[in-house]
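What follows is each chain in one-letter form.
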Amino acid sequence: MTAVETRPAGGLSQVPGSPGNRPFGARVKAFIALTKPRVIELLLMTTVPVMFLAAGGVPDLWLVLATCVGGYLSAGGAAAFNMYLDRDIDAMMDRTAQRPLVTGMVSPRECLVFASALTVGSTVLFWYLVNPLSAMLSLGAIFFYVVVYTMILKRRTSQNIVWGGIAGCMPVFIGWSSVTNSVSWASLVLFLVIFFWTPPHYWPLSMKVTDDYKRAGVPMLPAVAGNKVVARQIVVYSWVMVAVSLLLQPLGYTGWFYTAVAVACGAFWLREAHALQARAKAGITGAKLKEMRLFHWSITYVSLLFVAVAVDPFLR
């Protein structure tokens, strides 16, 4: 276990030497880390395929590029604001102890300026290179993640990730609106898929790092409820998610290919979710609980499902 000192998070004094001695390359990596690039990869995975579905084929590639860049800046700004606001609890958690504000590689002031610049840049880019609707949806996602989730819900309720996860659903609307300058039932269905996917995606990881959340006083569900309760909630959300994912064909937006992928991937997901519940009911804990199996599969699931969203228009 990594020891984390109880000094003020984000202070420059945590890095040996003066600010001028901080290596340039390490500083660049630190600012990139503020944007949570691995999370953004997943967000873009749900944005671009929806553009293909909305276009009924290949969308304008310059529009795809503008939407991806805008999406990266938007999500990166939200992530940086999140790290600024959570720097105190990040210092208490092993999983986040190496974040740039905790180590002092980036100061709180620098982080705040950086987050603000990314937010302004993404809004301007969306407004002028995509369309105003996408710009407003992007701003809405930032507001939800920073204010509703980070500032209001995260430290107050075990349902934080459920409602806070709405921010992670917005790229679906943004992808659709970037092509059509509107939203549709298809984008709403995929929005709901991500909404119901988020808790059973994140809770297994939270089960793995429950001690972190308890130490930081964050009431993530696994930190305040037993594994049996969490696993039962995971199964409920999983069934709803799979059911919602199958609505696109009856609504006339997809054909056989997407449906086949959704059924196959959904069946495997449900198998993993019920297996996790069975282990939790049996009182299994520690490594044998294998909660991370579902977490890793959840990333594969959403990737395969949205690849099918992109491919399906070419097979109809």
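Because the structure is a prediction, the values reported are computed rather than measured. Residue indices follow the written sequence of each chain, beginning from 1 at its first position. Reporting in this predicted model follows two pLDDT cut-offs: at least 70 for local features of residues, and 80 or more for side-chain atom pairs to be given and counted; totals over whole chains, interfaces and linings ignore these cut-offs and use all residues. Values reported for side chains reflect all heavy atoms of the structure, with hydrogen atoms and water molecules removed beforehand.

A. Fine view of the nonpolar core. The term nonpolar core refers to a set of buried residues drawn from Ala, Val, Leu, Ile, Met, Phe, Trp, Tyr and Cys, joined through side-chain atoms within 4.5 Å. Relative accessible area decides the class of each residue, using a 1.4 Å probe on protein chains only: under 20% of the type maximum gives buried, over 50% gives exposed, and in between gives partly exposed. Core analysis: the largest hydrophobic core is formed by 79 residues, its most contacted members being Leu190, Trp269, Tyr301 and Phe306. A contact between two residues is defined here by any heavy atoms of the two lying within 4.5 Å. Not counting the four nearest positions on each side in its chain, Phe306 is found in contact with Met45, Thr46, Pro49, Val50, Val172, Leu190 and Ile194. Among the nonpolar cores identified, the runner-up in size contains 14 residues, and Leu34, Ala80, Leu101 and Cys111 belong to it.

B. Looking closely at the packing of helix α13 (residues 227–245) against helix α14 (residues 256–281). Between α13 and α14, the least distance of the axes is 9 Å, while the angle of their chain directions is 170°. Judged on the interaxial angle alone, α14 and α13 are roughly antiparallel. For the pair α13 and α14, the contacting residues are Asn227, Lys228, Ala231, Arg232, Ile234, Val235, Ser238, Trp239, Met241, Val242 and Ser245 in the first and Tyr258, Ala262, Gly266, Trp269, Leu270, Ala273, His274, Leu276, Gln277, Ala280 and Lys281 in the second. Residues are grouped as follows: Ala, Val, Leu, Ile, Met, Phe, Trp, Tyr, Cys and Pro are nonpolar; Asp, Glu, Lys and Arg are charged; all remaining types, including Gly, are polar. Classifying every residue of the contact of α13 with α14 by side-chain character gives 13 nonpolar, six polar and three charged. Helix axes use the C-alpha atoms of the stretch in contact, all axes being lines fitted to C-alpha atoms, and the angles between their N-to-C directions lie in the range 0 to 180 degrees. Going along the chain from the N terminus, every DSSP run of H or I of four or more residues is numbered as a helix, and every run of E of two or more is numbered as a strand. Roughly parallel refers to an angle under 35 degrees, roughly antiparallel to one over 145, roughly perpendicular to one between 65 and 115, and oblique to any angle outside these ranges.

C. Structural view of the environment of Ser182. Tracing the backbone shows Ser182 in the loop between α9 (166–180) and α10 (185–208). Sequence-wise, Ser182 and Asn131 are 51 residues apart; in three dimensions their C-alpha atoms are separated by 10.0 Å. One polar contact links Ser182 to Thr180, side chain to side chain, over a distance of 2.9 Å. Pairing of N or O atoms within 3.5 Å defines a polar contact, subject to two protein rules: one partner must be a possible hydrogen donor and the other a possible acceptor, and residues neighboring in sequence count only if both atoms are side-chain atoms.

D. Spotlight on the side chain of Thr46. Inspection of the secondary structure assignment puts Thr46 in helix α2 (residues 37–55). Here Leu43 takes part through its backbone oxygen, which lies 2.8 Å from a polar atom of the side chain of Thr46. Beyond its immediate sequence surroundings of up to four residues, Thr46 is in contact with Pro171, Val172, Ile194, Val302 and Phe306.

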